[in-house]
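Working through the structure, step by step
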Amino acid sequence: MKILAFDTSNVALSVAVLDNEHLLATQTTNIKRNHSSQLMPIIDQTIKTSGLDINDIDRIVVAEGPGSYTGLRIAVTTAKTLAYAVNAELIGVSSLALLAQNDTQDGIVAPFFNARQGNVFAGIYEKKGSKLTTLVEDQHISFEDLLNHINQIGKPVNFITTDFEDFRESIENTLVVPSSHLDGWNALPNAYFLGLMGLKKNELENVYTAVPQYLRVTEAERNWKDQHPNDVRSGSYVRQID
Amino acid sequence: MGTSKLILAIESSCDETSVAVVKNGNEILSNFIATQIDSHQRFGGVVPEVASRHHIEQITLGIDQALKKAAVEPDDLDAVAVTYGPGLVGALLVGVSAAKSFAYAHNLPLIPVNHMAGHIYAARFVKPIVFPSLALLVSGGHTELVYMPAENVFKIIGETRDDAAGEAYDKIGRVLGMKYPAGKNIDELAHQGHDTFNFPRAMEHDDNFDFSFSGLKSAFINTVHHADQIGEELDRKDLAASFQQSVVDVIVSKTKRACEQLDIKQLILAGGVAANQGLRETLDSMIKKDLPELDFVKAPLKLCGDNGAMIGAAGYVAMQHGESADLTLNADPSLEFDWEPDAVR
Ligand SMILES: [Zn+2]
């Protein structure tokens, strides 16, 4: 099976092409550049370097979130349109679970992204080899609550994040279990791992209905729901008129 | 028919996800449109993040539906055209990402289209554009006069200095307790009332082709608030009629002057507010009376709002002129035509 995998959920952009477990080519950038301009050319280069054509791809694996809303939109729109256009299977993988794969040792892993105002997008996983078990689902959570979850689990934790320094003090003050962390290069997404995760996953996404996992409703919708608790609409707010 | 060109055109700049298949820039084979109005109505206006999220829900379905309805296979297509600006950046990015992906997968040329050129070229489905031509573009985001000395050349000679006309409609609609978008409601109400309030006609006689609607909006709001304070009930029909007359008077008199000063053969009315009956009728009668030689083309009512077909029409012309983009194409939310206010003098 030929696989194209990519992640643009944060500043880094990572693309890989695999033939089953075998890596053919990969490229990762970590520059604050526009993913919209960069993603397709890098996909094209990576596929060409692999000696393949986009039409050879059997499965497309995308990091579906959480992360930057703009980055997720570019990745998921590109993934679902490519999958539709070349009739490939579409697989979505958590961008946090992907980061957890960077941990080379077994144990508790807590990948997270800074979501500002003291909040993070985070999940807590237990890693055994390449097998991940979810202990706390990916969510938008205050950093304090994340640390409470980790304290409750009561085992040493390995944080994976490029935003470690923003939370160092908070960790030192609140965490009661031993901790370590991966940051910098070690906390960047690796699309090769994404491809491997997508290879093992059996739940296919529908190319029409697939959307990013934002893990957060918009502020406008949150406010509206607060003001209209009984106004429940069944079905979509979008209507086809032609 | 070997020379006929088929374009798949994608539009997602605001709150409509639309994908069309257009033949030779003037024949619509399909025009899928999914509107988000019901969603944004909750918030009284378009919320960009919500709009972007809805576009992703619809985009692949839209491409598929457009192709199926047109009974066209990807291999039959000659190009993919897409709106890359102006508009909401997150919304534009969905269309641009999808267009690039589809064009790449099927090895098709990618044609970047200015959304405003699309609005103008909606007229192409009525009849060919004759140059030099002048377009009056009126929508929720724009009010501008665009001079087109030749095909594929667009020069702004005047535009709004503050609110777009459509924006002013929505704002006063809110004051009258109307649902977003209010344009159609106000238009209908205006037809039942009379211009009794005589609101200001800003910049009507200034020596330029710019517009301003914020003064009118304030005058309207002050009138309503003042009446509320003293417990006086104002006639909503007359309020709507007076507001609309002021907007229409300014637009029509500036347009008339531009038509007279430019040596144009055709006037095109396009954009979301081009569906406004008051504006259509007043322009019709002004041209009949003052500029009987001028060819006046109104974008079809169904194509005044945002749609993929108009992008396919503009994309066809851009393609004839050798325009194309590579895979680095990005959204440009503040894309504008060249600004040339002195084209007339
Ligand atoms: Zn528009």
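Residues numbered from 1 in each chain as written. Chains lettered and ligands numbered in written order. Predicted model: local features only at pLDDT ≥ 70, side-chain atom pairs only at ≥ 80, totals over all residues. Heavy atoms only, no water.

For chain B, an unreviewed UniProt entry supplies the name tRNA N6-adenosine threonylcarbamoyltransferase and the organism Pediococcus argentinicus. UniProt annotates chain B under Sequence similarities (unreviewed entry) with the comment "Belongs to the KAE1 / TsaD family." (UniProt positions renumbered as here; feature names shortened; annotations may be inferred.)

Under the annotation held in an unreviewed UniProt entry, chain A carries the name Metal-dependent protease-like protein, putative molecular chaperone and is attributed to Pediococcus argentinicus.

**A word on the overall build of chain A**
Scanning chain A for helices and strands turns up seven helices and 11 strands. Taking 2.2 N^0.38 as the reference for a compact globule, 242 residues should give roughly 18 Å; the C-alpha atoms of chain A span a radius of gyration of 19 Å, in line with that estimate. With respect to the three principal axes, the spread of C-alpha positions in chain A is 50 × 50 × 35 Å. Counted over contacts in chain A with a minimum sequence separation of 6, partners at least 24 positions apart contribute 63%. As displayed, chain A has an accessible area near 11200 Å², and 45% of this comes from carbon and sulfur atoms. Distance between charge centroids for chain A: 3 Å, based on 20 positive and 29 negative side chains. (Helix = DSSP H or I, 4+ residues; strand = E, 2+ residues; numbered from the N terminus. Rg over C-alpha atoms; globule rule 2.2 N^0.38 Å. Contact = heavy atoms within 4.5 Å. Areas by Shrake-Rupley, 256 points an atom, 1.4 Å probe, with all protein chains shown as cover. Lys, Arg positive; Asp, Glu negative; His and termini not counted. Charge placed at Lys NZ, Arg CZ, Asp CG, Glu CD.)

**Description of the domain arrangement of chain A**
All names here are of chain A. When the domains of chain A are assigned, the result is domain 1 (2–96 + 188–227) and domain 2 (105–183). If you average the C-alpha positions of domain 1 and of domain 2, the two centres end up 24 Å apart. Each partner contributes to the interface: domain 1 provides 13 residues, whereas domain 2 provides 13 residues. Interface area lost by domain 1 to domain 2 is led by Leu96, Leu215 and Arg216, which between them contribute 55%. If you look at where domain 1 meets domain 2, you find zero salt bridges. For the pair domain 1 and domain 2, the interface holds three residue pairs in polar contact (both at pLDDT 80 or more). (Domains from an automatic or database assignment. Buried area = accessible area lost by both parts, 1.4 Å probe. Salt bridge = Lys/Arg side-chain N within 4 Å of Asp/Glu carboxyl O. Polar contact = N/O pair within 3.5 Å; in protein donor to acceptor, adjacent residues only side chain to side chain.)

**Quick notes on the pairing of strand β7 (residues 143–148) of chain B**
Residue and element names in this part refer to chain B. Of all six residues in β7, six are buried, a share of seventy percent or more. Here β7 shows no split at all, with Thr143, Leu145 and Tyr147 on one side and Glu144, Val146 and Met148 on the other all buried. With six bridges joining them, strand β6 (residues 133–138) and β7 adopt antiparallel strand pairing. Counterpart to Ala135 in the pairing with β7 is Val146. Here β6 hands over to β7 after four residues, the two strands then running antiparallel side by side. (Buried < 20%, exposed > 50% of the residue type's maximum accessible area, 1.4 Å probe, protein only. Pairing = 2+ DSSP bridges.)

**Thoughts on helix α4 (residues 143–153) of chain A**
All names here are of chain A. Every buried residue of α4 is listed here: Phe143, Leu146, Leu147, Ile150 and Asn151. Relative to the axis of α4, the buried residues are bounded by an arc of 140 degrees and lie together on one face. Turned more than 90 degrees away from the buried face of α4, the exposed residues are Glu144 and Gln152. Just downstream of α4, Gly154 is the residue with a positive phi angle, here 75 degrees. (Arc of directions from axis to C-beta.)

**What about the interface of chain A and chain B?**
Each side of the interface is counted separately: chain A has 43 residues, and chain B has 45 residues. Each partner contributes to the roughly 3900 Å² buried at the junction of chain A and chain B, and carbon and sulfur atoms together form 60% of this total. Across the contact surface, chain A and chain B share four salt bridges. Of the charged contacts, one joins Arg73 of chain A and Glu49 of chain B as a salt bridge, the two residues approaching to 2.8 Å between their closest N and O atoms. The interface formed by chain A and chain B holds 16 residue pairs in polar contact (both at pLDDT 80 or more) in total. Within the residue set of the side of chain A that touches chain B, elements represented by two or more residues are α1 (35–49), α2 (69–86), α7 (219–227) and β11 (239–240) of chain A. Counting residues per element, the side of chain A that touches chain B draws most heavily on α2 of chain A, which supplies 13 residues. For the side of chain A that touches chain B, the residue count by class is 24 nonpolar, 11 polar and eight charged. Pairing geometry for β11 of chain A and strand β3 (residues 27–35) of chain B, over two bridges, is antiparallel. Of the residues in β3 of chain B, the one forming a bridge with Arg239 of chain A is Thr35 of chain B. (Nonpolar A, V, L, I, M, F, W, Y, C, P; charged D, E, K, R; others polar.)

**Focus on the side chain of Asp7 of chain A**
Residues and elements named next belong to chain A. Structurally, Asp7 is set in strand β1 (residues 2–7). The buried charged residue Asp7 lacks any salt bridge partner; its closest oppositely charged side chain belongs to Lys201, at an N-O distance of 13 Å. Separated by 2.6 Å, the side chain of Asp7 and the backbone nitrogen of Ser9 make a polar contact.

**Structural notes on the packing of α2 of chain A against helix α2 (residues 48–70) of chain B**
Interaxial distance between α2 of chain A and α2 of chain B falls to 11 Å at its minimum, and their mutual angle equals 10 degrees. As far as their axial angle goes, α2 of chain B and α2 of chain A are roughly parallel. Side by side, α2 of chain A and α2 of chain B meet where Tyr69, Arg73, Val76, Thr77, Lys80, Thr81 and Tyr84 of chain A of the first sit next to Glu49, Ser52, Arg53, Ile56, Glu57, Ile59, Thr60, Ile63, Asp64 and Leu67 of chain B of the second. When the residues that make up the contact of α2 of chain A with α2 of chain B are grouped by side-chain class, the tally is seven nonpolar, four polar and six charged. (Axes fitted to C-alpha atoms, helices over the stretch in contact; angles between N-to-C directions. Parallel < 35°, antiparallel > 145°, perpendicular 65-115°, else oblique.)

**Topic: the coordination of the zinc ion**
Residue and element names in this part refer to chain B. Protein coordination of the zinc ion is provided by His115 (NE2), His119 (NE2) and Asp306 (OD), with donor distances spanning 2.1 Å. Written as a sequence motif, the donor arrangement for the zinc ion is H-x3-H-x186-D. Of this pair, His115 sits in helix α4 (residues 115–121) while Asp306 sits in the loop between β10 (295–298) and α10 (308–320), placing them 191 residues apart in sequence. Using a relative accessible area of 14% as the deciding quantity, one classes Asp306 as buried. (Donors = N, O, S within 2.8 Å, 3.2 Å for Na, K, Ca; no water.)

**Looking at the UniProt feature "domain: Gcp-like" (unreviewed entry) in chain A**
The feature "domain: Gcp-like" (unreviewed entry), as annotated in UniProt, sits at residues 30–152 of chain A in this numbering. Each end of residues 30–152 of chain A is marked by a C-alpha atom, and these two atoms are 35 Å apart; helix forms 40% of the span and strand 35%.

**Some details on the UniProt feature "binding site: substrate" (unreviewed entry) in chain B**
Residues and elements named next belong to chain B. Per the UniProt entry, the sites bearing "binding site: substrate" (unreviewed entry) are Leu137, Val138, Ser139, Gly140, Gly141, Asp170, Gly183, Asp187 and Asn276 in this numbering. Examined against the element boundaries, Val138 turns out to sit in strand β6. Taking relative accessible area as the criterion, Val138 reaches 1% and is therefore assigned buried. What Val138 contacts, discounting residues up to four positions off in sequence, is Thr143, Ala165, Ile251, Leu269, Ala270, Gly271, Gly272, Val273, Ala274 and Leu279. Summarising the element assignment, Asp170 is placed in helix α5 (residues 165–175).

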